[in-house]
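Architecture at a glance
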Amino acid sequence: MQLLEKDYSTYSDEELMRFYVEGDDRAFQEVYGRYENFMVNFFYRKLWSNRIKAEDFTHDLFAKIIAKPTSFDPSRSFKTWLFSVANNMCKNEYKKQEVRKNTAYDVPEGYEAKDTRMSADKEVDKGNFKEKLNQELKKLNEKHREVFMLRHFEGLSLKEIAETLEINTGTVKSRLHHATKVLAEKLVIFRKTML
Amino acid sequence: MTANVEDIIKAKAYFELSPEELETVSEYAKTEEEYEDMKWFLLNVGEAAAASKIEASSDLKGRVMNTLAASAQPKSAGTNSATGFLFPKDKQFYRKPAVQMMAAAALILIAIFLIDPFGGMDENPDLAVNEVDQEQKEPSVEEESILRVENRLENETIEDVDEKPIVTEDALLNAEGRSIVEEELDENSPFLESEDSEADDETYYFGSAGHYTEASNEEQGIRFDTEADLRDKSNADGDKTAERNQSSAKSLKNVSTGGMPPKESEKKDLSSASNDRYKKTNGTKGKKKSSTRSYDGVPSQPGKDADVSKKEEVTSTADIGDVKISSNQQEKNLEQQSVDQFDDASEYEGLNKSKEEKRQENVSISSSKELKKLFYTVK
């Protein structure tokens, strides 16, 4: 029977989705295995480092694919389509949190009510680089931030970022250059202290 | 390219850059110090991204798989079913097992027909051919009157024979030794004339009786043996005496009366009817011709009258007692009527010939049917 079974690892994401549309559940399992951690980390970074929310959003994302697999356009890249859907889910969540923030007392996770500016001695601490990076990313414009995160955290190419965000590749390039220059200028101080 | 710039900065030191690479990285760093700061920043961002990664919990996968199972998505043919095996969707057309098996079967069939293991079938194309060349002739208007009477007589006799065919044996056995002589058979008696009449007799017996076979006739046929003996003797000696003719006539008459001795009134009727018929058909010729009497009232003719007389024998022997006698009386009346319809003896004879031809055709048809039945029964 081993000869008759498919080796799903050899198929592309688009072929696996086609199999799943035709009724092959194992193809979907293979796709889920490939992108489970990608999506959890994506939501984790985008949704204020909330693990539970990241897993819930990941579940909702794949539940949407299960419910309506034909919504995927086989002519597109599945990876960019998946990140595009996930990015839209995050944007919707941002809008919900904005409404709740203005109408309620609770503060969404990831948002801190207190002043997050650290003291000078802590700013030069090597261990605070990651925290400082996150702070500076939050200060960035959303358009620049998402391009920077997709490029350096998710590992997407410029073309994939353009397809995910449905923007021009030149726009991606300029946004990425701007975000990198701003963050590098603000975080370069850590290099001098570490030396 | 931005990607190339980031990769170049991460991979190479400033002094390792070529002039083209220096021009490319000038967007990010124009001096060596800026280049080193950018390199440090990019490497630390990558480390921070890798350090911030989390692993999805096993509970998440279980939830997603439950959702998948609960979706109850309509499925097409399963991949583990026979259809999925024969028609896999992920293979090309010529690699599907069903196509390959059909191709192999087609090759085998082609090879079989090319080799032709059943050669010789075409050499005997008539093995299964069953041709029937008989054509039914529609009776003419002139023959209808005769055929009507004839058919009525045939139907009656056939029904009688079918009802009690076994009685024929007993009647024949009992008929021996009894005699009613109305007319003497002369030397030109058609009953003893030719071999063709014998063949026709056999055919007629077989066709009319239906249940009889040659073997059964031989076993039963006292009358047949007597008749055959008469023929042999008459052919051999050439001297047909009145006694022999009388004995043959006796046997025929005995059979015609079902083996029972006729009554005196019947004897008179028979003798008077035959005399009248003889006078009408042959006029007042001086020589008295002997002939066997037939039911249809036709004077006996060579060969053909033997058929008629034997038919009379078979049919009459199926009857017993009053039933037989009444049928004989009806037949006599019909015979007389059919004879009276014709003024001229020659015209009567011409029609009689055509009638006899028709009878022979019917007999041949019925005999062929009986032969088929017998063939299938034996088979």
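One can find the structure itself at the top, above this paragraph.
This structure is a prediction, so every number in the text was calculated from the model and none was measured. (Residues numbered from 1 in each chain as written. Chains lettered and ligands numbered in written order. Predicted model: local features only at pLDDT ≥ 70, side-chain atom pairs only at ≥ 80, totals over all residues. Heavy atoms only, no water.)

Some remarks on the overall build of chain A
Here is the rule: Strands here mean DSSP runs of E at least two residues long; helices mean DSSP runs of H or I at least four residues long; both are numbered from the N terminus. Burial classes follow relative accessibility: with a 1.4 Å probe on protein chains only, a residue under 20% of its type's maximum area counts as buried, one over 50% as exposed, and anything between as partly exposed. The contact criterion used throughout is that any non-hydrogen atoms of two residues lie within 4.5 Å.
A tally of helices and strands in chain A yields nine helices and zero strands. What you see in chain A, going N to C, is helices and strands ordered as α-α-α-α-α-α-α-α-α. The burial tally for chain A puts 47% of its 195 residues in the buried class. Put simply, 60% of the contacts in chain A that link residues at least 6 apart link residues at least 24 apart.

Re the overall build of chain B
We apply this condition: Only the protein chains shown count as covering a residue, and every accessible area follows the Shrake-Rupley method with a 1.4 Å probe.
Regarding its fold elements, chain B presents 16 helices and zero strands. Out of the 379 residues belonging to chain B, those deemed buried represent 40%. Long-range contacts, defined here as pairs at least 24 residues apart, represent 74% of the contacts in chain B between residues at least 6 apart. Surface accessibility of chain B: about 22400 Å² in total, with carbon and sulfur atoms responsible for 53%.

Quick word on the interface of chain B and chain A
Operational definition: Buried area: the sum, over both parts, of the accessible surface (1.4 Å probe) that disappears when the two are put together. The term salt bridge refers to a pairing of a side-chain nitrogen on Lys or Arg with a carboxyl oxygen on Asp or Glu at a separation within 4 Å. Here a polar contact is recorded for every N or O atom pair within 3.5 Å, except that within protein the pair must consist of a potential hydrogen donor and a potential acceptor, and residues adjacent in sequence are included only if both atoms are side-chain atoms.
On the side of chain A, 48 residues touch chain B, which itself brings 38 residues to the contact. For the pair chain B and chain A, the summed buried area comes to about 4300 Å², and 61% of that belongs to carbon and sulfur atoms. Considering only the surface of chain B that becomes buried against chain A, Trp40(B), Phe41(B) and Ile54(B) emerge as the three largest contributors, covering 16% of it. Linking chain B to chain A there are two salt bridges. Across the salt bridge formed by Asp56(A) and Arg63(B), the nearest N and O atoms sit 3.1 Å from each other. Here chain B is connected to chain A by twelve residue pairs in polar contact (both at pLDDT 80 or more). At the level of elements, helix 1 (2-11), helix 3 (32-51) and helix 4 (58-71) of chain B are the ones that each hand at least two residues to the side of chain B that touches chain A. The biggest single contributor to the side of chain B that touches chain A is helix 3 of chain B, with eleven residues.

Overview of helix 8 (residues 158-165) of chain A
Residues and elements named next belong to chain A. Applied cut-off: The arc in question is the one traced by the directions running from the helix axis out to the C-beta atoms.
Within helix 8, the full set of buried residues consists of Leu 158, Ile 161, Ala 162, Thr 164 and Leu 165. Looking straight down helix 8, one finds that the buried residues subtend no more than 165 degrees of arc, so they occupy a single side. Glu 166, located one to two residues past helix 8, shows a positive phi value of around 55 degrees.

A closer look at helix 3 of chain B
Heads up, the rule is: By definition here, a helix of n residues has an expected span of 1.5 Å times n minus one.
Across its 20 residues, helix 3 of chain B extends 28 Å between first and last C-alpha, which sits within 8% of the 28 Å expected from 1.5 Å per residue. Turning to helix 3 of chain B, its buried residues are Tyr35(B), Asp37(B), Met38(B), Lys39(B), Trp40(B), Phe41(B), Leu42(B), Asn44(B), Val45(B), Ala48(B) and Ala49(B).

Here's the deal with the nonpolar core
As a rule of thumb, nonpolar side chains are buried together in soluble globular proteins. So the rule is basically this: What we call a nonpolar core is a set of buried Ala, Val, Leu, Ile, Met, Phe, Trp, Tyr and Cys residues that are connected through their side-chain atoms within 4.5 Å.
With 75 residues, the main nonpolar core has Phe28(A), Met39(A), Phe43(A), Phe78(A), Leu133(A), Phe148(A) and Phe41(B) as its most contacted residues. Per-element accounting of this core gives the leading share, ten residues, to helix 2 (residues 25-46) of chain A. When neighbours within four sequence positions are excluded, Phe78(A) is seen to be in contact with Asp13(A), Glu14(A), Met17(A), Val31(A), Tyr35(A), Ile65(A) and Phe72(A).

Considerations on the side chain of Asn87(A)
All names here are of chain A. Its place among the elements puts Asn 87 in helix 4 (residues 78-103). With a relative accessible area of 3%, Asn 87 lands in the buried category. A polar side-chain atom of Asn 87 sits 3.5 Å from a polar atom in the side chain of Glu 146. Those residues in contact with Asn 87 that lie beyond four places of it in its chain are Phe 42, Lys 46, Glu 146 and Leu 165.

Re the pattern of salt bridges
Residues and elements named next belong to chain A. Across all of its chains, the model carries 18 salt bridges over all chains by this definition. Residue Arg 18 is joined to Glu 22 by a salt bridge in which the shortest nitrogen-to-oxygen separation is 3.8 Å. The closest approach of N and O atoms between Glu 93 and Lys 53, which form a salt bridge, is 3.4 Å. In this pair, Glu 93 sits in helix 4 while Lys 53 sits in helix 3 (residues 51-67), placing the two residues 40 residues apart along the sequence. If you follow the salt bridges from partner to partner, you end up with Lys 132, Glu 136, Lys 139 and Lys 186 in one network.

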